[in-house]
Amino acid sequence: MKTLLIGEYREGKMLESTYELFGFAAQLGGESAMLMVGSESQLPAYGGTLYLADAAACGEYNPDMHKKLILEAVQIENPDCIVFLHSSYGWDLAPRVAVALKAAQVSEVIALADGGFEVGCCNGKMRRTVKPATAKTVLTIQAGSFPVLQPGGTPDVRKLEAAGGTTVEFTGYEAAEKKDVDLAKAEIIVSAGRGVGKKDNIPVIQALATALGGELGASRPVVDAEWVSHSHQVGTTGQTVSPKLYVACGISGAIQHLAGMKKSDFIIAINKDKDAPIGEIADVLVVADVMQFVPAFTAKIAR
Amino acid sequence: MKLLVCIKQVPDLESRFKPDAAGVWYNETDLAFRMNEYDEYAVEQAVRLREQLGEGCELTVLSIGPDRVVEAIKKSLAMGCDNAAHIQDAAAYSKDPWQIASIISAYAKERNFDIIFTGMQSQDRGSAQVGVIVAELLGIACTTTIVNFDYDNGTITAKRELEGGIKGVVKLKTPALVTCQLGLNVPRYPTLPNIMKAKKKEITAISVAELLKEESLAATTSFHPPAKKGGGIVLEGDIADQVEKVIAILKDKTAVLR
Ligand SMILES: Cc1cc2nc3c(=O)[nH]c(=O)nc-3n(C[C@H](O)[C@H](O)[C@H](O)COP(=O)(O)OP(=O)(O)OC[C@H]3O[C@@H](n4cnc5c(N)ncnc54)[C@H](O)[C@@H]3O)c2cc1C
Ligand SMILES: Nc1ncnc2c1ncn2[C@@H]1O[C@H](COP(=O)(O)O)[C@@H](O)[C@H]1O
């Protein structure tokens, strides 16, 4: 297998997640080269071939141009797999490259499987094995599924120049909303998920957080529905936390939520569904109605 | 202006999933279906634009699937879409994103939509591919994962959600396609009068054979539960008993309770 890995770069920096691509390539085996639209001052610690285009000239988000650059490198390298991270950059660009090559794309790869790739489905509850039927395959790998690997060394840089226009004009970044709670410092977090049912039930979860001396966290739907503010959101588009204790109340355990809290020392999940994926990482799974268990639990510790 | 929104019907994800006879997808017996969550945001945004543009604007909702998907189509009509295309395909579940996208683009090709809305991903399959492939096949501009949408005089200004809550601001000229992320807006509930009105709206049925010209590029060879990692304790039964056990475990394994 020969792979072309697509590194990531944003706001003038190479993203650390780029190293997960090397972790994936090491598992797959075979030769690999990397392409990145970045800068010469931000090279990965890797001794192989790096196709480098200048982000200052090409733009950090310019899918038409980045697609062209990748196709140029594909021409030269003739890889079997073109590998992206499953990220806002990767899932946006990968299908464009796949269509140009008429290659199969497999998204959210979490592991290698016999002759194919293992991917999550049904909100993380189930798995599929997918086998591409084309000579070349485009992959996006799930963040956190493969080890971070720094191969070490200095890349052999081959510069690519891009020309041509764009159909999507990038005009700038907007910083994340200011946080009024810094969950990263909390030792105990009690998080509310959609399973708490309604906004009126949030105080019940807050009461447990208070009784334990911790902070209130939340999954995304609870924030989107405006039951709590965004500063409480845990996950890929919220905060990453690693408290001593994380209590997940009515949270299914979607991959984007897990990415933000799986490094917690001890995890208790309360869920009425015994098969909820949160059960895979929880130290204790309490199979119960959250609105029955939580008040009873709070009452016991408050005494 | 002509607008299109693509929706998929998916099972309720709190269901218990069992493999089908071939072991490559879920068995549909006992599952309740509803509109893909991401697509509700897409429909809402399309309806808001339809309202902003007023007379002379037409919003079509499209769904590929078996007869049951008509329920999701009706909901979109009650939310404010003008008409619908039901692409009848009892075997839609077995098609890869490439085939689903080529069906949509075959439908859209001659109809010259100015803006196409899709969800960023389907909750059951979750490939996040269909929207982008449709745009590439049609040769129109496209951006993904939007959490903010604004349209003025042929230009879309959208905010893309990036990791860690940062946003990227982009501008696209129509014709264009956008894929919608959770939290883009607050999808409305259809009101009773609108549900009644929707009954008169036209749903055109088209056989998938008329639009599908492509072979699949990838095959699912197995559908199965994750390998159990084990280790975790599962507590079932009486609440008072569960509370006692959790407290005992916390005292034993952590330092959080004194
Ligand atoms: C690009 C991207 C980024 C994302 N970023 C994030 C992020 O940062 N953070 C995040 O959380 N999500 C994020 N998501 C969304 C994520 O995919 C899930 O949709 C979300 O985490 C689900 O939240 P939930 O578990 O609260 O809700 P659901 O998935 O709806 O789960 C509710 C759970 O509650 C249980 N339940 C229901 N009723 C009860 C009851 N009475 N008692 C006990 N249990 C009950 C159910 O069994 C179910 O398991 C992102 C998605 C995308 C695509
Ligand atoms: N069967 C379908 N019918 C209509 N639209 C679909 C279908 N499948 C996927 N889509 C659209 O494509 C988006 C992305 O789906 P996916 O690539 O499967 O994650 C969905 O949110 C829908 O808007």
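See the structure shown above.
Keep in mind that this is a model prediction, so the values were computed, not measured.

Conventions used here
- Residues numbered from 1 in each chain as written.
- Chains lettered and ligands numbered in written order.
- Predicted model: local features only at pLDDT ≥ 70, side-chain atom pairs only at ≥ 80, totals over all residues.
- Heavy atoms only, no water.
- Pairing = 2+ DSSP bridges.
- Helix = DSSP H or I, 4+ residues; strand = E, 2+ residues; numbered from the N terminus.
- Axes fitted to C-alpha atoms, helices over the stretch in contact; angles between N-to-C directions.
- Contact = heavy atoms within 4.5 Å.
- Buried < 20%, exposed > 50% of the residue type's maximum accessible area, 1.4 Å probe, protein only.
- Buried area = accessible area lost by both parts, 1.4 Å probe.
- Salt bridge = Lys/Arg side-chain N within 4 Å of Asp/Glu carboxyl O.
- Near = heavy atom within 4 Å.
- Polar contact = N/O pair within 3.5 Å; in protein donor to acceptor, adjacent residues only side chain to side chain.
- Areas by Shrake-Rupley, 256 points an atom, 1.4 Å probe, with all protein chains shown as cover.
- Nonpolar A, V, L, I, M, F, W, Y, C, P; charged D, E, K, R; others polar.
- Right-handed = clockwise from strand over helix to strand, strands pointing away.
- Patch = residues over 30% accessible without salt bridge, like charges linked within 9 Å, V, L, I, M, F, W, Y side chains within 5 Å.

Undergrad: I'd like a description of the sheet that holds strand S16 (residues 266-271) of chain A, backed by residues and values.
TA: Ordered in space as S14(A)-S13(A)-S15(A)-S16(A)-S17(A)-S13(B), the six strands form an open sheet in which the pairing is parallel. The open sheet is flanked by strand S14 (215-218) of chain A together with strand S13 (233-235) of chain B, the only strands paired with a single partner. Averaged over all adjacent pairs, the angle separating strand axes in this sheet is 20 degrees, with direction ignored. Where S16(A) and strand S17 (residues 284-287) of chain A come together, four bridges link them in parallel fashion. The residue bridging A:Asn271 from the neighbouring strand is A:Val287, located in S17(A). The strands that helix H8 (residues 290-302) of chain A touches are strand S15 (245-249), S16 and S17 of chain A; relative to S16(A), the one it contacts most, it runs at about 130 degrees.

Undergrad: Give me the lowdown on unusual backbone geometry, citing residues and values where you can.
TA: Between B:Thr174 and the following residue, B:Pro175, the backbone shows a cis peptide bond with an omega angle of 5 degrees. Among the structural elements, B:Pro175 can be located in the loop between strand S9 (167-173) and strand S10 (176-180). One non-glycine residue with positive phi stands out, namely A:Glu226, at about 65 degrees. Tracing the backbone shows A:Glu226 in the loop between helix H6 (220-224) and S15. Exposure remark for A:Glu226: the relative accessible area of 57% places this residue in the exposed category. Even without glycine at this site, B:Asn112 takes up a positive phi of about 50 degrees. For B:Asn112, the location among the structural elements is in the loop between helix H3 (97-109) and strand S6 (115-119).

Undergrad: Requested: an account of the interface of chain B and chain A, with residues and values cited.
TA: Every contact between the two is made by 76 residues of chain B and, on the other side, 75 residues of chain A. With both chains or domains summed, chain B and chain A bury close to 6600 Å², and 57% of this area falls on carbon and sulfur atoms. Considering only the surface of chain B that becomes buried against chain A, B:Glu136, B:Glu163 and B:Leu217 emerge as the three largest contributors, covering 9% of it. For the pair chain B and chain A, the interface holds 12 salt bridges. For B:Glu136, the salt bridge identified is with A:Lys67, shortest N-O distance 2.9 Å.

Undergrad: Describe the environment of A:Met65, naming the residues involved and giving the relevant values.
TA: Residues and elements named next belong to chain A. Note on placement: Met65 falls in helix H3 (residues 63-77). Along the chain, Met65 and Val287 lie 222 residues apart, while their C-alpha atoms are 50 Å from each other. Once you skip the residues sitting within four places of it in the chain, Met65 turns out to touch Cys58, Ala162 and Gly164.

Undergrad: With reference to specific residues and values, describe the site of ligand 1.
TA: Around ligand 1, 33 residues are found, and the nearest of them are A:Ser219, A:Val234, A:Thr237, A:Ser252 and A:Gln256. One finds residues of chains A and B in close proximity to ligand 1. Contact distances for ligand 1 include 2.8 Å between a nitrogen atom and a backbone N or O atom of A:Val234. A:Gly250 is positioned with one of its backbone polar atoms (N or O) 3.2 Å from an oxygen atom of ligand 1. Relative to its free-state accessible area of 990 Å², ligand 1 is covered by the protein chains to the extent of 93%. Listing elements by their share of the shell around ligand 1, those giving two or more residues are H6 and helix H7 (255-261) of chain A. Broken down by class, the residue content of the shell around ligand 1 amounts to 11 nonpolar, 16 polar and six charged.

Undergrad: Hey, could you go over the pairing of S16(A) for me, with residue numbers and the actual values?
TA: Residue and element names in this part refer to chain A. The element S16 is largely enclosed, with a buried count of six among its six residues. Of the two faces of S16, both are covered, the one formed by Phe266, Ile268 and Ile270 as well as the one formed by Ile267, Ala269 and Asn271. Handedness of the crossover joining S15 and S16 through H7 is recorded here as right-handed.

Undergrad: Let's hear about the site of ligand 2: which residues, and what values?
TA: Residue and element names in this part refer to chain B. Taken together, 19 residues lie around ligand 2, and Cys6, Asp39, Ser122, Ser127 and Ala128 are the ones closest in. Ile7 places a main-chain nitrogen or oxygen 3.2 Å from a nitrogen atom of ligand 2. Backbone polar atom of Gly119 to an oxygen atom of ligand 2: 2.9 Å apart, as the coordinates give it. Contact with the protein chains hides 98% of the accessible area of ligand 2, taken as 490 Å² for the molecule alone.

Undergrad: Got a sec to walk through a nonpolar patch on the surface? Specific residues and values, please.
TA: Side chains of B:Leu192, B:Ile195 and B:Met196 sit close together on the surface and give an oily, nonpolar patch of about 290 Å² of accessible area. Summarising the element assignment, B:Leu192 is placed in helix H5 (residues 192-198).

Undergrad: Provide a residue-level description of the pattern of salt bridges, including the pertinent values.
TA: Applying the stated criterion across every chain yields a total of 30 salt bridges over all chains. Where A:Glu77 meets A:Lys2, a salt bridge forms, and the shortest distance between an N and an O atom there is 3.3 Å. Of this pair, A:Glu77 sits in helix H3 while A:Lys2 sits in the segment before strand S1 (3-6), and the two are 75 residues apart along the sequence. Looking at A:Glu77, the relative accessible area reads 13%, which means it is buried. Of the charged contacts in the structure, one is a salt bridge between B:Arg188 and B:Glu51, with a shortest N-O distance of 2.8 Å. With B:Arg188 in the loop between S10 and H5 and B:Glu51 in helix H1 (residues 37-53), this residue pair connects regions lying 137 residues apart in the sequence.

Undergrad: Describe the side chain of B:Thr254, listing the residues and the values that go with them.
TA: Within the secondary structure, B:Thr254 sits in the segment after helix H6 (239-253). Engagement of the side chain of B:Thr254 in a polar contact is seen with the backbone oxygen of B:Leu250, the distance being 2.7 Å. A distance of 3.3 Å separates a polar side-chain atom of B:Thr254 from the backbone nitrogen of B:Val256. When sequence neighbours within four positions are dropped, the list of residues in contact with B:Thr254 reads A:Phe266 and B:Ile249.

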